[in-house]
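Tertiary structure, described
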Amino acid sequence: MATAAPTGDERIDTGGAGSVPAGRAAASGLLAAAAGIGVAELVGGLVDRVPSLVLSVGDAVIDSVPGWLERAAIAALGSNDKPVLLASIALVAAGLGAATGLLARYRFLIGAVAFVLVTAVGVAAGLATEDVSPLGTVLAGLLGAAVGVAVLHRLLAAAAREARPDASPGTGRRGFLLLAAGAAAVAVAGGVGGWLLTGRERLDAVRAAIRLPRPARPAPAPLAGADLDIPGLTPLYVANEDFYRIDTALRVPTVDPADWRLEITGLVDQPFSLTYDELMAMPQIEADVTLACVSNEVGGDLVGNARWQGVPLRALLERAGVQRGATQLLSRSVDGFTAGFPTVTALDLEEAMVAVGMNGEPLPAEHGFPARLVVPGLYGYVSATKWLSSIELTDWDVDGYWVPRGWAKEGPIKTQSRIDVPRPGGSVSAGRQPIAGVAWAPTRGIEGVEVRIDDGPWQPAVLAEQLDVDCWRQWYLPWDATPGRHVITARATDGAGERQTDERTPVAPDGASGHPAIEVDVDG
Ligand SMILES: Nc1nc2c(c(=O)[nH]1)N[C@H]1C(S)=C(S)[C@@H](COP(=O)(O)O)O[C@H]1N2
Ligand SMILES: [Mo]
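Residues numbered from 1 in each chain as written. Chains lettered and ligands numbered in written order. Predicted model: local features only at pLDDT ≥ 70, side-chain atom pairs only at ≥ 80, totals over all residues. Heavy atoms only, no water.

Structural notes on the side chain of H515
Filter applied, for reference: Numbered from the N terminus, helices here are DSSP runs of H or I no shorter than four residues, and strands are runs of E no shorter than two. Throughout this description, a polar contact denotes any pair of N or O atoms lying within 3.5 Å of each other; where both atoms belong to protein, one of them has to be capable of donating a hydrogen while the other can accept it, and for residues adjacent in sequence the pair is counted only when both atoms sit in side chains. Contacts are residue-level and defined by heavy atoms, with any inter-residue pair within 4.5 Å sufficient.
Along the chain, the position of H515 falls in the loop between β18 (484–494) and β19 (517–523). Engagement of the side chain of H515 in a polar contact is seen with the backbone oxygen of Q500, the distance being 3.0 Å. With residues up to four places along the chain from it excluded, the contact list for H515 reads V298, W458, T489, A490, R491, Q500, T501, D502 and R504.

This is the structure in structure tokens:
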């Protein structure tokens, strides 16, 4: 591949080693790296089964960081963990590019080799992703490296001309800047092009054309009084675009329903697989289920409620015939994520489903299109597999993705509440003010919520109508706010009469507990 790079260090070292100023050399390396990456990204977008090398490196980072660090990242960044990871990769790539430019300033060959080595890391990460074309991925890397080396060579040569004592200051500088702008344009065009070509557009069109069937068992029409409609209070149903998102997928898998299959395998009498159309033709149910992430801190926003539509898991399991010893239902996604929970849960709960619809629409790509699991009462990491590809009946010895990373084997959702109004840390004016929030204990329901101002008595809040035990419940308390700083605390009691504990535990290993509390300033 070095053939693509013009050789001839002498043309660069016009005035001996170091004749190119360090700043120019670093900029050259950075731009060359960007152009090379841009071209590789473009190939990744254009060619089927050639992954983005940058995102592959991100995947490799996610897969290999220790569990505690991954937990810390989710705790600190929540749904923003991915942009931050990508920005970090971009920073590292920029730094490596600049370093390569500085090396190449002395000996071009060393710089070129450094370039190829860094590219090899990206290719290795690409090869490790699911369903990849090895040849295409290697070629994408080679092309990217070749472009990078060629751009680096031309930029350094231009910088050397600029630095020559006899060069006319204006022309030399213009030559370098023009080339630099060209390299930047290649980088941006490639990156943007690669992004646009990932198949997302086409997927959105396919998804938009899908009509959900009428559920054989619709959920009841939402009761009047189930949504209190208080400004600032989270709505009963969180809109799909506002719904929290947590997953290990740096690129949202784009799954064409025409190619998709759901396998039911493992310890069953009759393994089978379903196409999307076959799944859609089965009788469906609707259920209002609150989904929660085990990484949700007390008072956090990694929880949401939606109206889900899909095929009951029980129907699929009955058709397959679950064998003795199949104590765990292990689900797998197209990108290799796994989650497992007791098989009896799927058999007991009629709302446990393979969901195809969310709030009246086909599942959004970010939330698992074409199909995902929704199991009331279990944290997402053990149950809610998005981009579902298989359901395996197995024994309890097999672990899902998060279990070896420091999370509990079983993940029942703890009874929790959250204060949304007043805004935590905000200020309100004295007088009548609502205190309002949500509380959830899926499968058990919410029986009561109490609120305490400072060290005062626990006061019962007014509850919105309960739609279903699996669905969160809004609550509010009218408050005569007096000037000064106040601490407001809440606690819920679930349908089994169990009161939310005030014992604070961290999110790991099995979910945070403790009362939510906020501070508010009341202006006089
Ligand atoms: N394929 C896949 N499914 C997944 C995950 C994942 O990383 N990959 N994360 C799970 C976790 S930890 C949670 S909390 C829920 C979140 O679902 P949401 O993003 O639709 O809110 O998805 C679950 N399903
Ligand atoms: Mo989660």
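Remarks on the nonpolar core
Burial of nonpolar side chains together is a common tendency in soluble globular proteins. Short version of the rule: The nonpolar core is taken to be a set of buried Ala, Val, Leu, Ile, Met, Phe, Trp, Tyr and Cys residues, with the residues joined through side-chain atoms within 4.5 Å. Each residue's exposure class comes from its accessible area (1.4 Å probe, protein chains only) as a fraction of the maximum for that residue type: buried when under 20%, exposed when over 50%, partly exposed otherwise.
Counting residues in each nonpolar core, the largest one holds 88 residues, and the members touching the most others are W308, L313, L316, L329, V354 and I391. The contact partners of L313, leaving out residues within four places of it in the chain, are L329, F341, A346, A352, M353, V354, L373, V375 and I391. Core analysis: the second largest hydrophobic core is formed by 21 residues, A25, A32, F115 and A180 among them.

Observations regarding the packing of aromatic side chains
Formally: Only centres within 6.5 Å qualify two rings of Phe, Tyr or Trp (six-membered ring in Trp) as a pair; their planes then separate them into stacked at under 30 degrees, edge-to-face at over 60, and tilted for everything else. Think of it as a cone above the ring: NZ of Lys or CZ of Arg counts as a charge over the ring if it is within 6 Å of the ring centre and within 35 degrees of the ring normal.
Taken as a whole, this structure holds nine aromatic pairs when the rule is applied. Between Y401 and W402, the aromatic rings sit 5.1 Å apart at their centres with planes inclined by 85 degrees, giving edge-to-face as the arrangement. The class of W402 is buried, set by a relative accessible area of 10%. Through successive ring pairs, a cluster of aromatic residues spans F337, Y381, Y401, W402 and W407. Positioned over the ring face of F272 is R319, at 4.0 Å from the centre of the ring. The ring of Y401 has R405 sitting right over it, with the charged end atom 3.7 Å from the ring centre.

Re the sheet that holds strand β12 (residues 427–429)
Short version of the rule: Strands were regarded as paired on the criterion that DSSP finds at least two bridges between them.
On the basis of which strands lie adjacent, the open sheet formed by five strands has the order β12-β19-β18-β14-β15 and mixed pairing. Only two strands of the sheet have a single partner each, and these edge strands are β12 and β15 (459–460). When β12 meets β19, the two strands line up parallel, connected through three bridges. Note on β19: the bridge partner recorded for S427 is D521.

Comments concerning the domain arrangement of the protein
So the rule is basically this: For each domain, the first and last residues come from an automatic or database assignment.
Under the domain assignment used here, the protein contains domain 1 (17–198), domain 2 (240–402) and domain 3 (416–523). Taken over C-alpha atoms, the centre of domain 1 sits 49 Å from the centre of domain 3.

Here's the deal with the site of ligand 1
Here is the rule we go by: One heavy atom within 4 Å of a molecule or strand is enough for the residue carrying it to be called near that molecule or strand. The protein chains shown are the only cover counted for residues, whose accessible areas, like all others here, come from Shrake-Rupley with a 1.4 Å probe. Each residue receives one of three labels: charged for Asp, Glu, Lys and Arg, nonpolar for Ala, Val, Leu, Ile, Met, Phe, Trp, Tyr, Cys and Pro, and polar for the others, Gly being one of them.
In the neighbourhood of ligand 1, 19 residues make up the surrounding shell, with Y244, T248, H367, R372 and K386 lying closest. Residue Y244 places a main-chain N or O atom 2.7 Å away from an oxygen atom belonging to ligand 1. Within the backbone of T248, an N or O atom sits 2.8 Å from an oxygen atom of ligand 1. Considering ligand 1 on its own, with 530 Å² of exposed area, one finds that the protein chains cover 99% of that surface. Per-class residue counts for the shell around ligand 1 are nine nonpolar, five polar and five charged.

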